[in-house]
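Here is how the chains run, residue by residue.
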Amino acid sequence: MSMQTSNSLGKDAWLRLRANRMAMLSLFVLIGIFIISLLGPLLSSFSYQEQNLDKVFQPPDKEHFLGTDNLGRDLFARTTYGGRISLAVGLLATLVSLLIGVSYGMIAGYAGGRIDSFMMRGVDVLYSLPFIIFVILLMVLFGRNFLLLFIAIGAVEWLTMARITRAQTLNLKNTEFIEAARALGYSHLRIIFRHILPNLLGPIIVYATLTVPAVMLLEAVLSFLGLGVQAPMSSWGSLIKEGAEKMDAAPWLLLFPGLFFCVTLFALNFLGDGLRDALDPKSSQDG
Amino acid sequence: MPSIQSLPRMDSMGQLNIQNLSINFRSREGIVQAVNDIDLKIKEGEIVGLVGESGSGKSVTCNSILQLLPCPPAEISHGTIEWTGKDLLKKSEPNMAQIRGKEISMIFQDPMSCLNPYLTVLEQVAEPLIIHNLATPTEAMQQASDILAEVGVDRILTSPNAYPHEFSGGMRQRVMIAMALITKPALLLADEPTTALDVTVQAKILSILKEACLKRKISVLFVSHDLGLVAELADRVVVMYRGKVIEQKDTASLFQNPEHPYVKALIACRPTLESSSDRLPTVEDFNNPNSCCIGANESFTSTLLLHERKVLLETKELTVEFSSKDEKVRAVNDVNLAIREGTTHGLVGESGSGKTTLGRSILQLLQKTSGQILLHGKPIVIGNSQQQLHFRRSMQIIFQDPYASLNPRLTIEQTLIEPMIVHGIGNNNQNRKERVVALLEEVGLASEHLSRYPHQFSGGQRQRICVARALTTEPQFIVCDECVSAMDVSVQAQVLNLLKSLQESRGLTYLFISHDLGVVKFMSDEISVMQHGTIVETGTVDAIYQKPQTEYTRQLIEAVPRANRSTNIFS
Amino acid sequence: MRRLVLSRFLQAIPTLWVIATLTFFMTRFAPGGPFDSEKAIPQEIKAKLESHFGLDRPLFEQYLMYLSNLLQGDLGPSFKYPEWDVSELIATAFPVSLTLGVMSLLIALCLGIPVGMVAALRRNSWMDYLPMSLSMVGICLPTFVLGPLLIFALSTNLGVFPPLGWYGPDDWILPSLTLGLFYGAYIARLTRAGMLETLQLDYIRTARAKGASSWRILTKHAAKGGLLPVVTFLGPAFAGLITGSFVIESIFFIPGLGKFFVTAAFNRDYTMVLGTVLFYASLIIFLNLMVDVLQAWLDPKARQTK
């Protein structure tokens, strides 16, 4: 059999991703949006809070790239600032759901038996409810706290992450190389961290990349309903809400934040799909 | 005076005539030539066996006849497939659909996945008649019922609305046969139809197939990797290797006078019930004319007679029970086994016999329900981690699937060093690395393989790495759980030879689990036959194969396909 | 089959109980919640609440009262509008949302499934790329962006459909379309993926080898297996339609349960919010049960196991 050059599976996957043009385009777009959101509010000559009642509802011009809103605030500054919030919520909430979900799923899957049934019964119960309703309930009862917001949102998504991790762990647990590890006397900890976790990374990365847009969407819905971040802070969701209300007078207020938001979601989804194809083990095995 | 063209062509034209066929596969890595300029004929009423190992192109050839290959990535670069005078490759899809299932039928390898789980068995068997308008729906169902009864699927009479998942593997394959023959086709293509079945079931299916086809005068193309199987069934044998036809002859001549060295090797390196030698010939032996190891050797007589050896491992009334929500299954039932030091104890059984469960429970990978397992006469105690570690050092296992037995994320070096770290073998990294290199060489690999990943190796090489891994802790006892069952015959021979030589050099004791009687005979000194969780018979190799005491053992031995039952193929 | 229905039903009861208990304790102990004695509430409301919830009784008795009220369908008076009972409000608003939901689902299925099937059959052609790219756009275009855009395009500028309100069948089109397109996109992708996967399976090759035409293979052999992911998706889809209704009803000013819920959340109408949460939870559990039954009905293997 032919010997290829020594490529680890990770490197193989990266090469496959590189070949996927849509995925690479999405990656660059995301990096671009990330940079703009980070630096935009600093570079813009206007602050996102600065009101200028002389220049209300100005369409885009040289001074205000994207126009102004009903209080004369610069839309570019507000949109890029909103990007920071939306992206921060997206990434942080995904991280929370990742940490909780992966640990939970791995423990349930590896332990198996009664512990697994019990843990997953809980997940099933929670899964059957649209969590957003509970998030809204929490928001109502406990007030609008930014920290609470993204913990609550992260807590929504951990269920699916837990399910996926558990399914993968169960699959792996029954493979022969894990049995061989047990036959060789490896401790459970060693097996979990050295043998199971590295083989879970693929699906986890894919799912995490697809969770970020889902989380951003959730935050946007909450903000749209008026239950998310409060003015003058803005996320893309709340900007879109304002834009929708004032659409007849100033369509750019809806268009630009909407565009940023949708393009980000689009790029994240394409990147996620690309990662899924790249990490697909079927294409790397021969024989 | 009839013109030359209209005279029927007699002996050179079979019913199916493949000429100059070449098929490529396009993939990300490039173009692979699967079939390279082959000629193949099948005459009316003839049974032709198409034999080859993996990568030979036999399945691709078979699937291309009915144009069932996915066309990208496959492409037929040139050639013709003539059927009753017309080239099938030039036919449009709707025209092909008229031939499929009506003039030419096909049965496939895996009966579990080849039947639609959402439709009843009767509907599926009747379907070809309905598709080709050969009967009304009611008539079709009746004919389906009749033909199913003919092939032995009696259940259909009591439960006509049964679904495929209610039947066993052997029954489903009978359903496939019924489905293929209901339209009385002229040619049947059979792509490894018995590979996934137990030996006894396989024998029944083959006889049903042969009978049904002879009765209806159907010609058959029977694809298989098993030369012995084909020999029992076919009139003529075609051997393929790497996309080319290397030999075609009628069965008897092929086995008595094989010409091509690869064919000779294929015949010789398969351990059969007739042969007895210490080492299997391999393909290399036949390619190298100077090799001296061809042919049967004398049985190696060990310096210690079998019954003089001490018993290393023993089980007493070992029982393993699995309980699920409503039922308890006794996978292993009251098993008494005694395995002697330095010998190989073969464990033979079909699927569901419990042999795998037995192997795992001896190794403490599964909890036993009751009974005792004794090592050196003392019960095995693995209370704390110290005892566990000590136990695991001396008993190891090699699994069936070399593709799943290695962690794909670790290099070979990492995989082989890890057991040493866990068990405290070797003083430092340098020392451990030296040991690893020595192990690799012992199993026939090289030190430059250390930095590579499992997916870069072939199946046979991966299995050698697994053998090396099992040896890292210097065990006394190794369970070989169907460890050559997933391999081609030529690769199998190499691994078996390796296992045997390691046994000699290291004084290892094996529990060799397999369903293949020829392989078990080659490897073992003593054999136990297992059925439904119990040991049916135990004895030395000669005793079992020459004077089997129980009916089941006799059935197993009878069911093994052989080229020629009365003569020894080794001349 | 019957065992399956029964067992799922029995499983649902503890779930509902857990939710009811959780909401009970959350409201009692939330800071700034409705029962916080520091809050300034008009006297009549306070009196009515106290009588309904038994605030002067010990906690355990309050809990039992709460549960027994629930079983009778009594969700208490609205906090903000005490003349109205929560259950009355739900009864008025829910049919509106139900109509919206059913219409959206129908649009989603009638659009998504055929598009997905065609895309799977004509893989890698323009009939695959175009719909799939559009559906990707559809997924990334949230309803609260799509809705206003549709209003802007079709209503304000072209004057085709009335934008707001819910007076007659005319009003149903834009909102259902917005929600339906979004889910239609998801369903199209799922159908395509499911069909593609099914079409690779061995039993499809067997059907081809029998001489079945492409149409026959698609409808008789591949459809059931291929559409299974869509059936599985129905569960989350129902949940999503409910969430989607909050947004859609806000945009289009539809007096449905979603809008009531959001308004109640804004207004801190605690009883209304709680009552609606419980109602939604029961609804979703019931719908999930239906989906499970449907799945079992399609899959012969599942029919015979518990």
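Treat the numbers as computed from the prediction; the structure is a model and nothing was measured. (Residues numbered from 1 in each chain as written. Chains lettered and ligands numbered in written order. Predicted model: local features only at pLDDT ≥ 70, side-chain atom pairs only at ≥ 80, totals over all residues.)

Looking now at the overall build of chain A. For chain A, the count of helices and strands is ten helices and zero strands. Along chain A, from the amino end to the carboxyl end, the secondary structure elements read α-α-α-α-α-α-α-α-α-α. Taken along the three principal axes of its C-alpha coordinates, chain A extends 80 × 50 × 30 Å. Every one of the 287 residues in chain A was classed for burial, and the buried ones make up 49%. At a minimum sequence separation of 6, the contacts of chain A that also span at least 24 residues come to 69%. (Helix = DSSP H or I, 4+ residues; strand = E, 2+ residues; numbered from the N terminus. Buried ≥ 20, exposed ≤ 12 C-beta atoms within 10 Å, placed from the backbone. Contact = placed C-beta atoms within 7 Å.)

A few words on the overall build of chain B. From N to C terminus, chain B includes 20 helices and 20 strands. Rg of the C-alpha trace for chain B: 26 Å, near the compact-globule value of 25 Å for 571 residues, within the 12% margin. Projected onto its principal axes, the C-alpha coordinates of chain B cover approximately 90 × 60 × 50 Å. Evaluated residue by residue, chain B yields a buried proportion of 45% over its 571 residues. In chain B, the share of contacts with a sequence separation of at least 24, taken over all contacts with a separation of at least 6, comes to 68%. (Rg over C-alpha atoms; globule rule 2.2 N^0.38 Å.)

The subject of this paragraph is the sheet that holds strand β11 (residues 311-323) of chain B. All names here are of chain B. Across the sheet, four strands lie side by side as β12-β11-β14-β15; this open sheet has antiparallel pairing. The open sheet has two free edges, formed respectively by β12 (328-340) and β15 (378-379), since each of these has just one partner strand. Sheet topology note: the β11/β12 ladder contains nine bridges and is antiparallel. Across the sheet, the residue bridging to T315 is L337, located in β12. (Pairing = 2+ DSSP bridges.)

The subject of this paragraph is the domain arrangement of chain B. Residue and element names in this part refer to chain B. Domain assignment breaks chain B into domain 1 (16-268) and domain 2 (306-408 + 475-561). A straight line from the C-alpha centre of domain 1 to that of domain 2 covers 35 Å. For the side of domain 1 that touches domain 2, the secondary-structure elements that each account for two or more residues are α7 (199-216), α8 (227-233) and α10 (261-268). Partitioning the side of domain 1 that touches domain 2 into residue classes produces six nonpolar, five polar and three charged. (Domains from an automatic or database assignment. Nonpolar A, V, L, I, M, F, W, Y, C, P; charged D, E, K, R; others polar.)

Let us look at the pairing of strand β9 (residues 236-241) of chain B. Residues and elements named next belong to chain B. Buried residues dominate β9, accounting for five of its six residues. The pairing of strand β3 (residues 47-51) with β9 spans four bridges and is classified as parallel. Its bridge partner being in β9, V48 is matched across the sheet by R236. Two successive antiparallel strands, β9 and strand β10 (residues 244-250), enclose a turn made up of two residues, where R242 displays a positive phi of approximately 50°.

Here we take up the interface of chain B and chain C. Reports often express the size of an interface as the amount of accessible area lost when the parts come together. With 22 residues of chain B at the contact, the number on the chain C side is 16 residues. Mapped by element, the contributors of at least two residues to the side of chain B that touches chain C are α2 (93-99) and α3 (121-131) of chain B. In terms of residues, the side of chain B that touches chain C owes the most to one element, α3(B), which gives three residues. In terms of residue class, the side of chain B that touches chain C is built from twelve nonpolar, six polar and four charged.

A few words now on the confidence of the model for chain B. Residue and element names in this part refer to chain B. Averaged over all residues, the pLDDT of chain B equals 86, while 92% of them reach at least 70. Here residues 291-301 is a poorly scored stretch, pLDDT under 50, and it has 17 contacts once near neighbours within four places are set aside; other chains count. Below pLDDT 50 for its whole length, residues 564-571 participates in nine contacts with residues either more than four positions away or in separate chains. Our summary of model confidence lists the complex with pTM equal to 0.80 and ipTM equal to 0.79. (pLDDT = per-residue confidence, 0-100.)

Residue-level contacts link 35 residues of chain C with 30 residues of chain A. Where the side of chain C that touches chain A is concerned, the elements lending two or more residues are α1 (2-29), α5 (126-140), α6 (143-157), α9 (214-252), α10 (257-266) and α11 (270-298) of chain C. Class assignment of the residues belonging to the side of chain C that touches chain A gives a composition of 26 nonpolar, eight polar and one charged.

Turning to the sheet that holds strand β16 (residues 395-398) of chain B, a few remarks are in order. Two orientations exist for strands paired in a sheet by backbone hydrogen bonds: parallel and antiparallel. All names here are of chain B. Spatial ordering of the open sheet is given by β16-β17-β18-β13-β19-β20, a layout of six strands whose pairing is mixed. Of all strands in the sheet, those with a lone pairing partner are β16 and β20 (534-540), marking the two edges. Within this sheet the neighbouring strands show an average axis-to-axis angle of 20°, counted without direction. Pairing of β16 with strand β17 (residues 477-481), which is carried by four bridges, proceeds in the parallel orientation. Residue pairing across strands places Q396 opposite I478, the latter belonging to β17. Sheet strands touched by helix α16 (residues 459-471): β16 and β17. Its angle to β16, the strand with the most contacts, is close to 175°. (Axes fitted to C-alpha atoms, helices over the stretch in contact; angles between N-to-C directions.)

This brings us to the nonpolar core. Ranked by size, the top nonpolar core spans 318 residues in total, and within it A:V135, B:V125, B:V175, B:A178 and B:F222 carry the most contacts. Residues lining this core come from more than one domain, with at least three contributed by each of domain 1 (16-268) and domain 2 (306-408 + 475-561) of chain B. Contacts of B:V175, omitting those with residues within four sequence positions, involve B:L115, B:V121, B:V125, B:L148, B:V153 and B:F167. (Core = buried A, V, L, I, M, F, W, Y, C linked by C-beta atoms within 7 Å.)

Here we come to the confidence of the model for chain A. Residue and element names in this part refer to chain A. Per-residue confidence for chain A averages 81 on the pLDDT scale, and 93% of its residues sit at or above 70. Considering each helix and strand of chain A separately, the mean pLDDT is smallest for helix α5 (residues 131-142), with a value of 73, and largest for helix α7 (residues 176-183), with 92. Across residues 282-287, where pLDDT falls below 50, the model places seven contacts with residues more than four positions away in sequence or in other chains.

Residue and element names in this part refer to chain B. The contact between α3 and helix α6 (residues 169-181) brings their axes to 7 Å, and the two run at 30°. Judged by the angle between their axes, α3 and α6 are roughly parallel. Between α3 and α6, the residues in contact are V121, Q124, V125 and P128 and V175, A178 and M179, respectively. Across the contact of α3 with α6, the residue classes tally to six nonpolar, one polar and no charged. (Parallel < 35°, antiparallel > 145°, perpendicular 65-115°, else oblique.)

What follows covers α7(A). The buried fraction of α7(A) is high, at six of eight residues. All of the buried residues in α7(A) are A:E176, A:F177, A:I178, A:A180, A:A181 and A:A183. In the core, the buried residues of α7(A) are packed alongside α6 (146-173) and α8 (188-224) of chain A together with α13 (385-394), β16 and α16 of chain B. Where α7(A) terminates, the next one or two residues include A:G185, which has phi positive at roughly 85°.

Let us now look at unusual backbone geometry. All names here are of chain B. Although it is not a glycine, E317 sits at a positive phi angle of roughly 50°. Mapped onto the fold, E317 is located in strand β11. Located in the positive-phi region is D334, a residue other than glycine, with phi close to 60°. By the element assignment, D334 lies in strand β12.

Its place among the elements puts C:G211 in the loop between α8 (202-209) and α9. Taking C-alpha positions, C:G211 is 30 Å from C:Q295, a pair spaced 84 residues apart along the chain. Beyond its immediate stretch of four places on either side in the chain, C:G211 contacts B:A97, B:Q98, B:R100, B:G101, B:K102, B:P128, B:I131 and B:H132.

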